[in-house]
Amino acid sequence: MKSRYSIFSIARNAMNYHKDWERAWRSPEPKAEYDAVIVGAGGHGLATAYYLARNHKLANIAVVEKGWLGGGNTGRNTTIIRSNYLQDASIAIYELSRSLYEELSRELNFNVMFSPRGVMMLCQTEHELRAFRRTAHANRLAGLDCRMITPAEVKQIAPIINDDRNCRYPILGAYYQPRGGTGRHDAVAWGYARGADGYGVDIIQNCEVTAIRRESDRVAGLETSKGFISTKKIAVVAAGHVSTILQTAGVRMPIESLCLQALVSEPIKPVLDCVVMANTVHGYISQSDKGELVIGGGTDPYNNYSQRGSFPALEHTVRALVETFPIISRLRLLRMWGGIVDMTGDRSPIIGKTDIEGLYVNCGWGTGGFKSIPGSGFVFADTIANDRPHPIAEPFGLNRFLEGRLIDESVAAAVAH
Ligand code: FAD
Ligand code: PYC
């Protein structure tokens, strides 16, 4: 178990000039064998490890990561947390996740800076207004706290919005989820890593999985850059790389990998205290605690494995947002980057078992899986521990593509179309 972070531990460590802090997680070498191995130390992999250890008492487990933990999409996203999806199955998992975020800092004894500052999805066409009214009805029927708001309320909540009725895409209203918001992406990864390590989970960084080894229809272990690791349970949670890893076990995934880019401005004084998504013009914006405006747009229009920003995407996103938020035209940009997102055809995740015994997969969160890290880890751990889908995970099985049971979230996922 880890020693607790508290005001007293800060005071105690201050006495020793902060030289004696315990390491947040160890850096172990892989053992020859584990009960279960998770591939990918992003938020989903780390949360899965944490709940496997905490809820299901499985401690002889490892998370293997080819780079550094949280260095994939988890550390590259724009940190929007909301649960306003359209289909019942999606609302269930995203709201489980959002509600776990409410208590996550306390649960992990690590400040994940969950900030329920409100998420607003602008309606800038009649069609969008109708679509979001429908989502709001579906969400309220499922018990979510949300409402449609008028253009005047939009302006009141976000005064920097252009409310000119004669502009190209005037604000006609918005969908509003008051307890949606943001969190600190790195802290979510670090908090789960520290928590999992405290329960004895080995987190092995700089260890690339090169192949899954099978013995007929069951898994035998993993070939990695640090040697072979024997295990009877493998959970692949590798976002945009999931299809190449599963290919080595002969499993073909219905996933496309694309780069999604984002950027931040120079820090400025507080101008925006909620998250605004403007799906018609294809952009979203919030202000970080450091003062930077965090801005993103849509995915690259072609499949690729690039983790970099590009000028065409920058231009497209900023041009789209400038009309709705005129003040950003005068800002300087600080940096931009990209992450490789894993897109399914119905824009919903895949969580569950494969046809190979002991091989589990959690992916397909695409452009929207930061918000789902706690809920996904919770239900996936239960699925692995009990070798059957958790009821909330069940609709998201891989078999839905064979059975034609798609969970269409191409509109609610907003940036994912
Ligand atoms: P990752 O964090 O990518 O982790 C997968 C890990 O697997 C990586 O660390 C990778 O290095 C590792 N890996 C890959 N191959 C191997 C291998 N062979 N061996 C070992 N390890 C391997 N979601 C939201 O909810 N809200 C947002 O505002 C939001 N904004 C986004 C903005 C951008 C620019 C991007 C790129 C994504 C955004 N997302 C957002 C989506 C979200 O970031 C992802 O869905 C989520 O982080 C996925 O987490 P993960 O743990 O599945 O994947
Ligand atoms: O899913 O809310 C989201 C999102 C915002 C930006 C990228 N994804």
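Structural data are supplied above this passage.
The structure presented is a predicted model; accordingly, all values stated were derived computationally and were not measured. (Residues numbered from 1 in each chain as written. Chains lettered and ligands numbered in written order. Predicted model: local features only at pLDDT ≥ 70, side-chain atom pairs only at ≥ 80, totals over all residues. Heavy atoms only, no water.)

The next subject is the nonpolar core. If you look at the biggest cluster of nonpolar residues, it comprises 48 residues, and the most contacted ones within it are Leu46, Leu69, Tyr101, Tyr192, Val201 and Ile351. If sequence neighbours within four positions are ignored, tyrosine 101 has contacts with Ile81, Phe114, Val188, Phe370, Lys371, Ile373 and Pro374. In terms of nonpolar packing, the next biggest core, distinct from the first, is built from 28 residues, Val39, Val209, Leu359 and Cys363 among them. (Core = buried A, V, L, I, M, F, W, Y, C linked by side-chain atoms within 4.5 Å. Buried < 20%, exposed > 50% of the residue type's maximum accessible area, 1.4 Å probe, protein only. Contact = heavy atoms within 4.5 Å.)

This brings us to the site of ligand 1. Neighbouring ligand 1 are 36 residues; Glu65, Asn73, Thr74, Thr78 and Gly369 lie closest to it. Burial of ligand 1 by the surrounding chains reaches 96%, relative to a free accessible area of 1,000 Å². For the shell around ligand 1, the elements supplying multiple residues, two or more each, are helix H2 (43–56), strand S14 (256–265) and strand S18 (333–343). In terms of residues, the shell around ligand 1 owes the most to one element, S14, which gives 3 residues. Here the shell around ligand 1 is composed, by residue class, of 14 nonpolar, 17 polar and 5 charged. (Near = heavy atom within 4 Å. Areas by Shrake-Rupley, 256 points an atom, 1.4 Å probe, with all protein chains shown as cover. Helix = DSSP H or I, 4+ residues; strand = E, 2+ residues; numbered from the N terminus. Nonpolar A, V, L, I, M, F, W, Y, C, P; charged D, E, K, R; others polar.)

This part is about the pattern of salt bridges. Enumeration over the complete set of coordinates arrives at 22 salt bridges. With a shortest N-O distance of 3.3 Å, arginine 332 and glutamate 266 are connected by a salt bridge. Here arginine 332 is found in the loop between helix H8 (311–322) and S18, whereas its partner glutamate 266 is found in the loop between S14 and strand S15 (275–278), with 66 residues between them in sequence. The class of glutamate 266 is buried, set by a relative accessible area of 19%. Residues arginine 405 and glutamate 403 are paired through a salt bridge, measuring 2.9 Å at the closest nitrogen-oxygen approach. Here the salt bridges do not stand alone but share partners, grouping Lys2, Arg26, Asp197 and Asp202 into one network. (Salt bridge = Lys/Arg side-chain N within 4 Å of Asp/Glu carboxyl O.)

Turning our eyes to something else, we now look at the side chain of arginine 400. Checked against the element boundaries, arginine 400 lands in helix H10 (residues 400–403). Once residues within four sequence positions are removed from consideration, arginine 400 is found in contact with Thr344, Asp346, Ser348, Pro349, Ile350, Pro395, Arg405, Leu406 and Ile407.

To continue, consider the sheet that holds strand S11 (residues 218–224). Pairing is mixed in the open sheet, where 4 strands are placed in the order S1-S12-S11-S10. Here the strands that pair on one side only, and so sit at the sheet edges, are strand S1 (33–34) and strand S10 (209–215). (Pairing = 2+ DSSP bridges.)

Here we take up the site of ligand 2. Residues in contact with ligand 2 amount to 10 residues; listed here are only the nearest, Arg82, Tyr284, Thr367, Gly368 and Lys371. A distance of 2.6 Å separates a nitrogen atom of ligand 2 from a polar backbone atom of threonine 367. The separation between an oxygen atom of ligand 2 and a polar side-chain atom of lysine 371 is 2.5 Å. Notes on ligand 2: free accessible area 240 Å², of which the protein chains cover 95%. (Polar contact = N/O pair within 3.5 Å; in protein donor to acceptor, adjacent residues only side chain to side chain.)

Residue placement: phenylalanine 378 occurs in helix H9 (residues 373–386). For the pair phenylalanine 378 and arginine 147, spaced 231 residues apart in the sequence, the C-alpha separation amounts to 28 Å.

Relative to the 16 Å expected for 12 residues at 1.5 Å per residue, H8 spans 16 Å between its end C-alpha atoms, a close match to the ideal helical length. Those residues of H8 that sit buried are Ala313, Leu314, Thr317, Ala320 and Leu321. In a view along the axis of H8, the buried residues occupy a sector of 145°, so they form one face of it. Exposed positions of H8 whose direction lies more than 90 degrees from the buried face are Phe311, Pro312 and Arg319. Looking at the buried positions of H8, the neighbouring elements they touch are S14, S15, strand S16 (283–287), strand S17 (293–303) and S18. (Expected span 1.5 Å × (residues − 1). Arc of directions from axis to C-beta.)

Turning our eyes to something else, we now look at the packing of H2 against helix H3 (residues 88–108). Their axes nearest at 15 Å, the elements H2 and H3 cross at an angle of 70°. Comparing their axes, H3 and H2 come out roughly perpendicular. Judged by residue contacts, Tyr50, Tyr51 and Arg54 of H2 engage Leu100, Leu104, Glu107 and Leu108 from H3. In the contact of H2 with H3, the residues fall into 5 nonpolar, no polar and 2 charged. (Axes fitted to C-alpha atoms, helices over the stretch in contact; angles between N-to-C directions. Parallel < 35°, antiparallel > 145°, perpendicular 65-115°, else oblique.)

In short, geometric facts, not functional conclusions.
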